[in-house]
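Understanding the architecture of this molecule
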Amino acid sequence: MIGLTLSAGAAGADDAASLARAGGRVVSPADVGQWLLALLIVLVVFFLAAWLLRKTGGFGISAKGPLAVVAGLPLGVREKLVLVRVGEKQLLLGVSNGRIDKLLELEGDQRLFLGGADTADTSPFAKKLLEVLQGRVG
């Protein structure tokens, strides 16, 4: 039995030597280590990107149409408040696991987060930042 194992090991070494002479390459443990390290880096980057998208709300839907989510506030693991704009009204919704309840309906001057923000009482930095974002840098 020991002789069979030794002859198999010698045959394996002869195969590796003949493969190296023929121009082929033997995969070394260092190569496998590099592959595993590269895979680990890719997985870390993927899960970090997924975590960031989850925390920031992902690629939000544009709020240009008649129906848009204006703001959201997480209250727990599965519960949150969502302010939705529907035409000229705003609805405050309570969203929980398998249920959505309308808590409040806002119309006219009661609405929150109106598009035309009052810039009269904002700081000079906020005004300058708004100008830069709108492309009016002078």
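Quantities reported herein were computed from a predicted structural model and do not represent experimental measurements.

Attention shifts here to the packing of aromatic side chains. Here the structure, examined in full by the defined rule, presents one aromatic pair. Both rings, one in F46 and one in F47, keep their centres 5.3 Å apart while their planes meet at 70 degrees; by these two values the pair is edge-to-face. Overall, F46 belongs to the exposed group, its relative accessible area being 53%.

This paragraph deals with the pairing of strand β4 (residues 99-107). Summarising the sheet, strand β3 (residues 89-96) and β4 pair through eight bridges and their orientation is antiparallel. Residue L92 lies in a different strand from β4, and its bridge partner there is L104.

So, about the side chain of D31. Relative to the helices and strands, D31 is located in helix α2 (residues 29-56). On the accessibility criterion, D31 (10% relative accessible area) is buried. When near neighbours in sequence (up to four residues on either side) are disregarded, D31 contacts R25 and V26.

Turning to the sheet that holds strand β2 (residues 80-86), a few remarks are in order. Two orientations exist for strands paired in a sheet by backbone hydrogen bonds: parallel and antiparallel. The strand order across the open sheet formed by four strands is β1-β2-β3-β4, and the pairing between neighbours is antiparallel. The strands lining the two open edges of the sheet, one partner per strand, are β1 (67-74) and β4. Within this sheet the neighbouring strands show an average axis-to-axis angle of 20 degrees, counted without direction.

A few words now on the confidence of the model for the protein. Per-residue pLDDT for the protein has a mean of 75; in total, 60% of the residues score no lower than 70. Taking the mean pLDDT of every element in the protein, the minimum, 54, falls on helix α1 (residues 2-21) and the maximum, 92, on α2. For the stretch residues 1-6, pLDDT sits under 50, and the model shows zero contacts to residues farther than four places along the chain or on other chains.

The rules behind these values
- Residues numbered from 1 in each chain as written.
- Predicted model: local features only at pLDDT ≥ 70, side-chain atom pairs only at ≥ 80, totals over all residues.
- Heavy atoms only, no water.
- Phe/Tyr/Trp six-rings, centres within 6.5 Å; stacked < 30°, edge-to-face > 60°.
- Buried < 20%, exposed > 50% of the residue type's maximum accessible area, 1.4 Å probe, protein only.
- Pairing = 2+ DSSP bridges.
- Helix = DSSP H or I, 4+ residues; strand = E, 2+ residues; numbered from the N terminus.
- Contact = heavy atoms within 4.5 Å.
- Axes fitted to C-alpha atoms, helices over the stretch in contact; angles between N-to-C directions.
- pLDDT = per-residue confidence, 0-100.

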